[in-house]
Structure formats: structure tokens, C-alpha cells
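Reading the structure
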Amino acid sequence: MRFLELTEKRSSVRQYASTEVEQEKIDYILKAARLAPSAVNRQPWYFILVREEEGKRKIRSCYEREWFKEAPCYLIACGDHAQSWKRGDGKDHADIDVAIAVEHICLAAAEQGLGTCWVCNFDVDSCRKLFHIPENVEPVALIPLGYPATSEEKEVTKRRKPIDEIVKEESF
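All figures in this text were calculated on a predicted structure; none of them were measured in a lab.

Here four strands make up an open sheet; going across it, the order is β1-β2-β4-β3 and the pairing antiparallel. Here the strands that pair on one side only, and so sit at the sheet edges, are β1 (45-50) and β3 (115-116). For strand β2 (residues 73-80) and strand β4 (residues 137-146), the ladder comprises eight bridges, and the chain directions are antiparallel. Residue pairing across strands places Leu75 opposite Ile143, the latter belonging to β4. Taken strand by strand, helix α2 (residues 23-34) contacts β1, β2 and β4, and its axis lies near 165 degrees from that of β1.

In C-alpha cells:
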């Protein structure tokens, strides 16, 4: 599949089938995350795979939406502020690096016929406690992962600004 076709195929999935995700697909997706670029190649990330019932109960308590409960497994994407690169003005690149890796996860999942959705509006403190995440490591995003509930490929209409609204040449 060509890259632009893949980016058009990827969308936020909010309805999941109960089918378990095969280990080889999880391995493939995590390998894609591992290969993501990061500032100064620090790779300041951790991914907590959640697929046992106890863990699913805990993660679902961090984001209590009905659609979220349907996913057969989840990833908690975390950034390690002790490992991340800091720019000269102090800007910490942990979130940026994790975001790049998460998008690798989402695109790899779409390629494998799986759905994902970035979830950033969750109870971070509860997530940190429930999953024993160290203080220097920040849970950045929750990613439900599974087969979309509908088997038919539906055309996803993405609302995007025209290119001339987002590209400035030579200067703002």
C-alpha cells in the first residue's frame, strides 16, 4: 500500500469487534513504534501492553467512555522525561518523540487491518498509580487497539484545511 493510501485509510476507530488481536500483529506494531525517530535518538518511550481482564478494567477506569470499553487490548504510551532530549531553551521533546512513535503505531495498525484512536483526555494520575508508572515517566496517550466493528471498508471523509491555508513559503 502506498503511503498516502495508508494515511487516508487510517482513522479514529470508536467501535471494536471482540476479536482478539494476534500476537504477530502486536509484535509488528510495536516494532514500528521501536523504529520511530526521536530527538538525538534518545527513544524516551515505554509502551505498556494491556490485554488481561484486570488490566483492561484498570485502564477503562482512566477513561470511562462506552466505546472505549469495547477494545480487546490497549497500549499506554509513556514518555520518560529523564531520558528525553531537552533543547537549549529547555523544551522537553518527550511528548514529541512519543507522538511520533504513536503515529507509527496507528499507521502500522491500519496497515494490518486494525483500528486505533488517540486518547489524551484521560485521568493521568489514576493511570500512573494503577500501572505503577514512575514519577519521571508520563503517560501521554491511551491507544485502544482492535479490529473495527464493521467489516466493510467505509469511506472516511477527513476534514482537512486546504494546503494553501497551512503552508507558508519562505516566511510566515
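Further remarks concern α2. Helix length check: α2, at 12 residues, gives a terminal C-alpha distance of 16 Å against a target of 16 Å (1.5 Å per residue), a fit within 8%. For α2, every residue scored as buried is listed here: Lys25, Ile26, Ile29, Ala32 and Ala33. Seen end-on, α2 carries its buried residues on one side only, within an arc spanning 120 degrees. Facing away from the buried side of α2, by more than 90 degrees, are the exposed residues Glu24 and Arg34. Of the surrounding elements, those touching the buried residues of α2 are β1, β2, α4 (94-111) and β4.

As for its position among the elements, Arg128 is in helix α5 (residues 124-130). Buried and unpaired, Arg128 has no salt bridge, with Glu135 as the nearest side chain of opposite charge at 4.4 Å. Residues contacting Arg128, with those up to four places away along its chain left out, are Ile133, Pro134, Glu135, Val137, Glu138 and Pro139.

Another aspect to go through is unusual backbone geometry. Positive phi values are uncommon outside glycine, yet Asn41 reaches one of about 55 degrees. Secondary-structure assignment places Asn41 in the loop between α2 and β1. Overall, Asn41 belongs to the exposed group, its relative accessible area being 52%.

So, how was this worked out
- Residues numbered from 1 in each chain as written.
- Predicted model: local features only at pLDDT ≥ 70, side-chain atom pairs only at ≥ 80, totals over all residues.
- Heavy atoms only, no water.
- Pairing = 2+ DSSP bridges.
- Helix = DSSP H or I, 4+ residues; strand = E, 2+ residues; numbered from the N terminus.
- Contact = heavy atoms within 4.5 Å.
- Axes fitted to C-alpha atoms, helices over the stretch in contact; angles between N-to-C directions.
- Expected span 1.5 Å × (residues − 1).
- Buried < 20%, exposed > 50% of the residue type's maximum accessible area, 1.4 Å probe, protein only.
- Arc of directions from axis to C-beta.
- Lys, Arg positive; Asp, Glu negative; His and termini not counted.
- Salt bridge = Lys/Arg side-chain N within 4 Å of Asp/Glu carboxyl O.

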